[in-house]
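Here's the letter readout for the chains.
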Amino acid sequence: MAVMTKAEAKKFLELDDRMIDILNFLKAKSILDEETHRKILLGGYFRLIEYLAKKNMLKKKQADDALENGFDSLIKALAS
């Protein structure tokens, strides 16, 4: 399920620090509410992957790849 366009994904791939920007993007798309945004921000990258997998935004393989390979893998999965 594509959450972002390929152009948006390219913009995120060019950033050095992506966590806050991606969380804000997902919040703006109403994928995260304020409380979840805060919990993930405090809980870290693993919590973000866990949440997106729970909401069926990532398949198990995509979630595993994102945990193993980091933000580049996550962004590509969200754009596909």
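In this report, we go over the structure that sits alongside the text. (Residues numbered from 1 in each chain as written. Predicted model: local features only at pLDDT ≥ 70, side-chain atom pairs only at ≥ 80, totals over all residues. Heavy atoms only, no water.)

The next point concerns the pattern of salt bridges. Inspection of every chain in the model, using the stated rule, returns 7 salt bridges. Lys39 is the salt-bridge partner of Glu35, the closest N and O atoms lying 3.2 Å from each other. Of the two residues, Glu35 and Lys39 are both situated in helix 3 (residues 34–43); the distance of 4 residues between them amounts to about one turn of the helix. What makes Glu35 partly exposed here is its relative accessible area of 45%. On the basis of relative accessible area, Lys39 is assigned to the exposed category, the value being 53%. Two residues, Lys61 and Asp65, come together in a salt bridge whose shortest N-O distance is 3.2 Å. With Lys61 and Asp65 both in helix 5 (residues 60–69) and 4 residues apart, this pair spans about one turn of that helix. Via salt bridges that share partners, Lys27, Glu34 and Arg38 belong to a single interconnected network. (Salt bridge = Lys/Arg side-chain N within 4 Å of Asp/Glu carboxyl O. Helix = DSSP H or I, 4+ residues; strand = E, 2+ residues; numbered from the N terminus. Buried < 20%, exposed > 50% of the residue type's maximum accessible area, 1.4 Å probe, protein only.)

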